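# Coordinates in review
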Amino acid sequence: MTKLLDIALADGRFYTLIDALRAADLTDILASSAPFTLLAPTDDAFNMLFPTGSSALMQDVALMQRILRHHVLPGKYLAAHLLLHAPVATLAGAELNVRLDGQTLYVQDAQIMLRDMEGDDGVMHALDKVLLPPTV
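Attention in this report is confined to the structure presented alongside it. (Residues numbered from 1 in each chain as written. Predicted model: local features only at pLDDT ≥ 70, side-chain atom pairs only at ≥ 80, totals over all residues. Heavy atoms only, no water.)

For the structure on display, the rule yields zero aromatic pairs. A cation sits over an aromatic face here: R99 above Y106, 4.2 Å from the ring centre. (Phe/Tyr/Trp six-rings, centres within 6.5 Å; stacked < 30°, edge-to-face > 60°. Lys NZ or Arg CZ within 6 Å of the ring centre and 35° of its normal.)

What follows is the structure, encoded as structure tokens:
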């Protein structure tokens, strides 16, 4: 069985996301048997948001949980399904807009750089930005 977190770890561009999921104690949610969609900001995306490092944010578990839940959708949504079901609801309870501009797919203002990385527990899409909940 291939899990999305294993795919993210093997890819090498998602170490900050994996560390954040662990710090926020959210790996159990992602390890459940229910399929999910992970909108995965790359390390570069976290570095753009936190140029001096995300270690201070990692200390605020409640805030990190809110931000990360904003990147998880219950259910498995391939890229084409995201468009069909837009707006899509997150585990945080927010709705995210999805749009296609030419051949480029966006969730809110984040570009999906790599689509449809499938695992046994769902699907992951790589984002070029961290999505912030409306109240952050």
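What follows picks up the thread again.
Every buried residue belonging to helix α1 (residues 4-11) is among L4, I7 and A8, and all of these are buried. Down the axis of α1, the sector holding all buried residues measures 100°, keeping them to one side. The inward-facing, buried residues of α1 abut α2 (15-23), β1 (36-41), β7 (110-119) and β8 (122-127). Immediately beyond the C-terminal end of α1, within one or two residues, lies G12, with a positive phi of roughly 90°. (Buried < 20%, exposed > 50% of the residue type's maximum accessible area, 1.4 Å probe, protein only. Helix = DSSP H or I, 4+ residues; strand = E, 2+ residues; numbered from the N terminus. Arc of directions from axis to C-beta. Contact = heavy atoms within 4.5 Å.)

On to the packing of α2 against helix α6 (residues 61-69). Orientation of α2 relative to α6, taken along the N-to-C sense of each, is 125°, at an axis distance of 9 Å. Classified by the angle between their axes, α2 and α6 sit oblique to one another. Seen from above, α2 lies across α6 with left-handed handedness. Contacts between α2 and α6 involve L17, A20, L21 and A23 from the former and V61, M64 and L68 from the latter. Its residues assigned to classes, the contact of α2 with α6 comprises seven nonpolar, no polar and no charged. (Axes fitted to C-alpha atoms, helices over the stretch in contact; angles between N-to-C directions. Parallel < 35°, antiparallel > 145°, perpendicular 65-115°, else oblique. Left-handed = near helix turned anticlockwise from the far one by under 90°. Nonpolar A, V, L, I, M, F, W, Y, C, P; charged D, E, K, R; others polar.)

Right, let's get into the sheet that holds strand β5 (residues 98-101). One open sheet accounts for six strands, arranged β2-β1-β8-β7-β6-β5; its pairing is mixed. Single-partner strands in this sheet number two, and they are β2 (72-74) and β5. Neighbour-to-neighbour, the strand axes of the sheet open up by a mean angle of 35°, direction not taken into account. Relative to β2, β1 runs antiparallel, the two being bridged by three bridges. In the strand pairing of β2, F36 is matched with P74. Of the strands in this sheet, β1, β7 and β8 are in contact with α1, which crosses β7 at around 120°. (Pairing = 2+ DSSP bridges.)

This part takes up the side chain of T37. Position of T37 among the secondary structure elements: in strand β1. Look at T37 and you get buried, because its relative accessible area is 0%. A polar side-chain atom of T37 sits 2.7 Å from the main-chain carbonyl oxygen of G75. A polar atom in the side chain of T37 sits 2.7 Å from the backbone nitrogen of Y77. The contacts of T37, once residues within four sequence positions are left out, are H71, V72, L73, G75, K76, Y77, V123 and H125. (Polar contact = N/O pair within 3.5 Å; in protein donor to acceptor, adjacent residues only side chain to side chain.)

Glancing now at the nonpolar core. Soluble globular proteins tend to bury their nonpolar side chains together. Ranked by internal contacts, the top residues of the largest apolar core, which has 27 residues, are F14, L17, L38, M64, L68 and M124. Elements represented by at least two residues in this core include exactly α1, α2, β1, α4 (43-49), α5 (55-59), α6 and β8. The residues contacting L17, other than those within four sequence positions of it, are L38, A40, P41, D43, F46 and L68. The next biggest cluster of nonpolar side chains, apart from the first, holds 14 residues, and it includes L39, A79, L105 and L131. (Core = buried A, V, L, I, M, F, W, Y, C linked by side-chain atoms within 4.5 Å.)

By themselves these figures say nothing about function.
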